[in-house]
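# Survey of secondary and tertiary structure
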Amino acid sequence: MDTHKDIFRLAQKADIDAILEFTSTAREGLTNVPNTRERVTAQVEESLETLKEKKGANRLLFIVERDNVVLGISAIIMKLGGEVPFYNFKRSRHSGRATNPKLAIDYDTLQITTDFYAYSEVASLFMAKAGRGTGLARLLSAGRFGYIQNNRDSFQDGLMAEILGWTDEQGVSPFWKHLASRFIQMDFDNADKLSTVDKRFIVDLLPALPIMLNLLPPIVSDCTGRPHDNSRPAMNMLKSIGFEETDMCDVFDGGPAVRCQTDKTWIARTTTEIESYGDVDGHERCLYSCGTGMNFRATVGPANLVKKIGDEHTADKIRNGTDPVFIAQMKEPQIVRNETI
C-alpha cells in the first residue's frame, strides 16, 4: 500500500509561492519554465482563464504534490499555430549520383515548416530537486494525458512535445552557435524569450530556402534532433506512452520534436472505469483519474486492468463525489525500465 498521498491536479493561485520556490532555480534557457513571480502568476492566471474559455488563453498549468507539498509542474498548450504560426525545422535527406565522372553525394537540409499546426503541445515539465528520483515525474507527465482523456473534446487530434536540444560541457548549443545565431543576431536566451511573446521574427530572419547541413561544421548535423543529456529520460518517458520521433527539430537549439495521435497514447487506449475494488497487490501500477476541469485529480497505484479492479485506498485519494474513477496503463507493456524517474 502506498503511504504517500501523490496528487496531480491543475494549478491554483494558492500554489504560486510553492511553484516559485523551485522554478526560481531553473537555469537560463528553460524559457518554458516560469522562474519569476510575474511569470508564474501569469501562467496560473492564463490556466484559469483557459478553463473559462477566455479568448487568447491557451495554456493549462498542472502541479504534482506529495503529502500537500508541491514538487513539480507541467503544462498543455491547447492549440498550436492559432494567431501566430508555430515554426520548426524539417530535416530532409537528399542524394546525387553522377556517371561521368562516377561520383556520389548524400546530404541533409533543414527548412522552416509549420507542420504542427493545430496540434496540442505537452510542455514545461520541471521537478523540484526533492521530487527527482521519487517516481513523481511519471505522474507529472502521464497525468496530462489522463486530463486530456477525461476532457477529450477540448483538445486537438494530434499531440507533440519539444525536447531541449543538446549542449556541450560548457552549456553551449552548437546548433545555435553555428546556424541559428548567424541569422538571428542576439544571444540565445533573449531570442528564446522573445519567441514566447511573438514568433514572427523567426520567419522574418531565418531563410525560407533549405539550409544545407554539409556546408556547416559536422557538429551541427550531429546535434540536430539530439536531446540534451538531462532531457533524454523525459523523451523516453513520452516514447513509452506512445510518442514517436520525427524529422522535425527546434529552430533555436535543434532539439527533437516527438508526436502522437491523441487517441493513440497508452492512456487513451486503455482507460477504463473501475467496476469493483479488491486486492490488487502485485499488479501493474496504473494511472488513476477522476473528474473534469478544475475538479480533475490523478494519482498512481496498482490495478487489474483486465478485470477492471482497482485499489480503494488509491481511489480514495482522488475521489470526487459520485464522479467515476478511471484506471489506465501508463506505458507500453513490453518496455521495461530499471531506472526510477
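Criteria and cut-off values
- Residues numbered from 1 in each chain as written.
- Predicted model: local features only at pLDDT ≥ 70, side-chain atom pairs only at ≥ 80, totals over all residues.
- Heavy atoms only, no water.
- pLDDT = per-residue confidence, 0-100.
- Contact = heavy atoms within 4.5 Å.
- Axes fitted to C-alpha atoms, helices over the stretch in contact; angles between N-to-C directions.
- Helix = DSSP H or I, 4+ residues; strand = E, 2+ residues; numbered from the N terminus.
- Parallel < 35°, antiparallel > 145°, perpendicular 65-115°, else oblique.
- Left-handed = near helix turned anticlockwise from the far one by under 90°.
- Buried < 20%, exposed > 50% of the residue type's maximum accessible area, 1.4 Å probe, protein only.
- Phe/Tyr/Trp six-rings, centres within 6.5 Å; stacked < 30°, edge-to-face > 60°.
- Lys NZ or Arg CZ within 6 Å of the ring centre and 35° of its normal.
- Right-handed = clockwise from strand over helix to strand, strands pointing away.

The next point concerns the confidence of the model for the chain. Per-residue pLDDT for the chain has a mean of 92; in total, 96% of the residues score no lower than 70. Residue range residues 335-341 is modelled with pLDDT below 50. Its contacts to residues more than four positions away, or to other chains, number 15 contacts.

Right, let's get into the packing of helix α3 (residues 136-150) against helix α8 (residues 232-241). Running from amino to carboxyl end, α3 crosses α8 at an angle of 45°, the nearest separation of the two axes being 11 Å. Between α3 and α8, the angle falls in the class oblique. Along this stretch, α3 crosses α8, giving a crossing that reads as right-handed. Within the contact between the two elements, α3 uses A137, R138, S141, A142, R144 and F145 and α8 uses M237, L238, S240 and I241.

The residue I77 is located in strand β3 (residues 69-77) in this model. In this structure I77 comes out as buried when scored by relative accessible area, which is 11%. Separated by 100 residues in sequence, I77 and K177 have C-alpha atoms that sit 28 Å apart. Ignoring any residue separated from it by four or fewer positions in sequence, one finds I77 in contact with N58, R59, S120 and E121.

Further remarks concern the packing of aromatic side chains. With the rule as written, the count across this model stands at 13 aromatic pairs. Just above the ring of F126 sits the side chain of R132; from NZ or CZ to the centre is 5.6 Å. Looking at R269, its charged tip hangs above the ring of W266, at a distance of 4.4 Å from the centre.

With respect to burial, strand β7 (residues 158-162) is a largely interior element, four of its five residues being buried. As a crossover connection, the stretch from strand β6 (residues 120-127) through α3 into β7 is right-handed.

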